[in-house]
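Overview (structure and organization)
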Amino acid sequence: LAVKDKGYALEHVPEELKTVDICNIAVKQNGMALGYVPYEFKTLELCFEAVKQNGYALWKVPYEYKTAALCEVGVKSHGTAIQFVPEELISPELCKMAVRDMGQALEFVPEELRTPELCELAIKGVLGKGGNLQFAPYELRTKELCELAVSTSGWALEFVPEKFRTYELCELAVKRYGYALEFVP
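Residues numbered from 1 in each chain as written. Predicted model: local features only at pLDDT ≥ 70, side-chain atom pairs only at ≥ 80, totals over all residues. Heavy atoms only, no water.

Quick notes on the side chain of Ser153
Relative to the helices and strands, Ser153 is located in the loop between α6 (143–152) and α7 (167–176). Setting aside chain neighbours within four positions, we find Ser153 in contact with Lys129, Gly130 and Gly131. (Helix = DSSP H or I, 4+ residues; strand = E, 2+ residues; numbered from the N terminus. Contact = heavy atoms within 4.5 Å.)

Written out as structure tokens, the structure is:
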């Protein structure tokens, strides 16, 4: 079976030939194959398998199977999967977990849950980048946060409020990323 080596091959299996076993094998190999599993074959257990294998597979999980535990597994594995978590299951802890895994996940954190600490984590965390400053609410863009962002990625100058674009910060941005010159006042 091709799905043993390439779970995504399930996409090319005719619907009438798909079985529960074939779908299970495909999902265990590649969680994103869940998108090609017929609805009637999807179970909570299969959705857990998919999300454990690839957190982003949360995208393909039917709403009724999205439990707090399942969503946590998905977000731990792939921070930006928080965008597929039902609103009622999003907590400050889940947001922190998402941003800790992948700074860019801040983009998908509800605005009211974006805190100064979370914004800082998005910039200096393991996969943080200065460009994540663009996802920080304007009122949370402090001088210190902007300096941190630019010291990480010069192009973050684009997202620094004018009042914080000092000569020194602009110079640092341009040294790190020449094209940041475009954002120098």
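Structure shown, so let's carry the discussion forward.
A short note on the nonpolar core
With 58 residues, the main nonpolar core has Leu10, Leu58, Ile82, Leu133 and Leu157 as its most contacted residues. Of all elements in the fold, only α1 (20–29), α2 (44–53), α3 (68–77), α4 (92–101), α5 (116–124), α6 and α7 reach the threshold of two or more residues within this core. Broken down by element, this core gets its largest block of residues, 5 residues, from α4. (Core = buried A, V, L, I, M, F, W, Y, C linked by side-chain atoms within 4.5 Å. Buried < 20%, exposed > 50% of the residue type's maximum accessible area, 1.4 Å probe, protein only.)

As for the environment of Lys52
You can see Lys52 is positioned in helix α2. Put simply, Lys52 and Val27 are 25 residues apart on the chain and 10.0 Å apart in space, counted from C-alpha to C-alpha.

Topic: α2
For α2, the set of buried residues is Leu46, Cys47, Ala50 and Val51. Each buried residue of α2 sits inside an arc of 130 degrees when the element is viewed along its axis, so together they form one side. Opposite the buried face of α2, by more than 90 degrees, sit the exposed residues Glu45 and Lys52. Where α2 is buried, its residues meet α1 and α3. (Arc of directions from axis to C-beta.)

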